[in-house]
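Coordinate analysis (summary)
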Amino acid sequence: MPSVTEIEIQRNVPIETWFDIGGGAERLARPENVDDIRRCLEVDPNLRVLGDGANLLVDDAGVDELVIKLDRGEVCDVCFDDENCRVVAGAGVNLPKLILETIRRGMSGLEGLGGVPASIGGAAIMNAGGTFGQFCDVASRVHGVDRSGAVVTLERNQIDYSYRHSGLGNLIVTSVELKLRRDDPSKLRAKLKDVMSLKKKSQPLGESSAGCVFKNPTLRGYITEIGPPGARVSAGLLIDRAGCKGLKVGGARVSDRHGNFITTKRGATTADVLALMEQVGKKVEDKFGLRLEPEVVIWRRR
Ligand SMILES: Cc1cc2nc3c(=O)[nH]c(=O)nc-3n(C[C@H](O)[C@H](O)[C@H](O)COP(=O)(O)OP(=O)(O)OC[C@H]3O[C@@H](n4cnc5c(N)ncnc54)[C@H](O)[C@@H]3O)c2cc1C
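Here the structure is a predicted model, which means the values were calculated and not measured.

1. A look at the overall build of the protein chain
- Helix and strand content of the protein chain: 6 helices and 18 strands.
- The globule rule puts the C-alpha radius of gyration for 302 residues at 19 Å, and the 20 Å found for the protein chain is close to it.
- On the principal axes, the C-alpha backbone points of the protein chain span a range of 60 × 50 × 35 Å.
- Here the protein chain holds 302 residues, and the buried ones make up 42% of them.
- Nonlocal contacts in the protein chain, meaning residues at least 24 apart in sequence, comprise 62% of its contacts between residues at least 6 apart.

2. With respect to the site of the ligand
- Every one of the 32 residues lining the ligand counts as a neighbour, but Gly51, Asn55, Gly121, Gly122 and Gly211 are closest to it.
- Of the residues belonging to the shell around the ligand, the class tally is 19 nonpolar, 10 polar and 3 charged.

3. Considerations on the pairing of strand E13 (residues 172-179)
- Summarising burial for E13: 6 of the 8 residues are buried, a large majority.
- As defined by bridge partners, strand E7 (residues 86-90) adjoins E13 across 5 bridges and the pair is classed as antiparallel. Opposite Ala89, over in E13, you have Val176 as the bridge partner.
- With 6 bridges joining them, strand E11 (residues 139-145) and E13 adopt antiparallel strand pairing. Looking across to E13, one finds that Ala139 is bridged to Leu178.

4. Looking at the pairing of E11
- The sheet contact formed by E11 and strand E12 (residues 151-155) spans 5 bridges and is antiparallel. Along E12, the bridge assignment pairs His143 with Thr153.
- The hairpin formed by E11 and E12 contains 5 residues between the paired strands, and Gly149 there has a positive phi angle of roughly 95°.

5. So, the sheet that holds strand E5 (residues 63-69)
- Taken in spatial order, the 4 strands of this open sheet run E1-E2-E5-E3, and their pairing is mixed. Two strands lie at the open edges of the sheet, namely strand E1 (10-14) and strand E3 (48-50), each paired on one side alone. Shown here is a sheet whose adjacent strand axes are inclined to one another by a mean of 45°, direction ignored.
- Relative to strand E2 (residues 24-29), E1 runs antiparallel, the two sharing 4 bridges. From the neighbouring strand, Gln10 faces E2, where its bridge partner is Leu28.

6. Overview of helix H4 (residues 185-202)
- End to end, H4 covers 26 Å across 18 residues, agreeing with the expected 26 Å (1.5 Å per residue, within 8%).
- What H4 keeps buried is the set Leu188, Leu192 and Val195. Burial along H4 is one-sided: seen end-on, the buried residues are contained in an arc of 65°. Residues of H4 that are exposed and point over 90 degrees away from its buried face: Ser186, Ala190, Lys193, Ser197 and Lys201.

7. Structural notes on the domain arrangement of the protein chain
- What the domain assignment reports for the protein chain is domain 1 (4-73), domain 2 (76-187) and domain 3 (204-299).
- Computed from C-alpha atoms alone, the centre-to-centre distance between domain 1 and domain 3 is 28 Å.
- With 14 residues of domain 1 in contact, the opposing surface of domain 3 contributes 14 residues.
- The element that contributes the greatest number of residues to the side of domain 1 that touches domain 3 is strand E4 (residues 56-58), accounting for 3 residues.
- Per-class residue counts for the side of domain 1 that touches domain 3 are 8 nonpolar, 2 polar and 4 charged.

8. Examining the environment of Gln158
- Summarising the element assignment, Gln158 is placed in the loop between E12 and E13.
- The spacing of Gln158 and Gln203 is 45 residues in sequence and 34 Å in space, taken between C-alpha atoms.

Rules used throughout
- Residues numbered from 1 in each chain as written.
- Predicted model: local features only at pLDDT ≥ 70, side-chain atom pairs only at ≥ 80, totals over all residues.
- Helix = DSSP H or I, 4+ residues; strand = E, 2+ residues; numbered from the N terminus.
- Rg over C-alpha atoms; globule rule 2.2 N^0.38 Å.
- Buried ≥ 20, exposed ≤ 12 C-beta atoms within 10 Å, placed from the backbone.
- Contact = placed C-beta atoms within 7 Å.
- Near = placed C-beta within 6 Å.
- Nonpolar A, V, L, I, M, F, W, Y, C, P; charged D, E, K, R; others polar.
- Pairing = 2+ DSSP bridges.
- Axes fitted to C-alpha atoms, helices over the stretch in contact; angles between N-to-C directions.
- Expected span 1.5 Å × (residues − 1).
- Arc of directions from axis to C-beta.
- Domains from an automatic or database assignment.

The following block contains the structure:
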């Protein structure tokens, strides 16, 4: 068994997120494969996994657990089986780049996830998606390492996927097998273009954010002009109707373009975003009696 000293650990490294705020990692490692991940687990069994940082809000004081970033080596490999329309993608593979490559090869299934910044591991954990489909529609098998260092393979039917939820818990995802369908690249390109233009119209894509900060809630009772009991409704619409668009705390602001996006500017802090989320949550609860649940993952210093 190689020594734990073989994994290089960097000290006091900024954690890059799409919010572009928050503290850093006291310790960061970049494992390339399962053996490296096991070495990292020996260093810190409570380690945190950083994907593309697109759904992450990090405590201003940073985190003291080991942070691992899967951005090189085997965990970034992709293997295409064109004949059977299957892909095995490492957890560190960039989803938007993979979407373009699958389209080029005439493989359909990922194009509905256009405009979702993510690593494959992050997309699997979050079950990323939206109006045009979700990651679990195409993820047929997930490979990972559990906290004891054991390699785990989970079939689609063993994973508790639901809206923005995978139940994969503490698993460190190392790769995902995707089952796609054959289709005409020009048709897929047109679909991606439609998805992207819709997002450009409705989201503040030029600003720093983590996408939607709250999950879309399910209504318990009828709410006039919002929906019937049991309907999953847009948190953005509720936030807008509660009069929160444009609300600000420090450098954090509820977007005018999309009520569920909080944007940050230079100098903003994680504390600003959390305080704003609390204000928004309270206003929505006061108006509709509904408690919004964060979609963004918050790394608090323990
Ligand atoms: C402009 C913008 C638009 C967005 N639009 C959408 C959208 O339409 N739909 C949507 O669902 N989301 C959207 N998001 C949010 C984000 O893109 C998704 O949640 C995405 O899945 C996050 O992936 P990530 O790799 O960045 O994960 P991160 O943000 O890095 O991490 C998220 C969580 O996943 C865990 N994680 C990451 N990789 C692994 C791994 N290999 N093993 C175990 N755990 C891991 C992290 O520990 C963390 O708990 C948007 C974000 C932005 C900034």
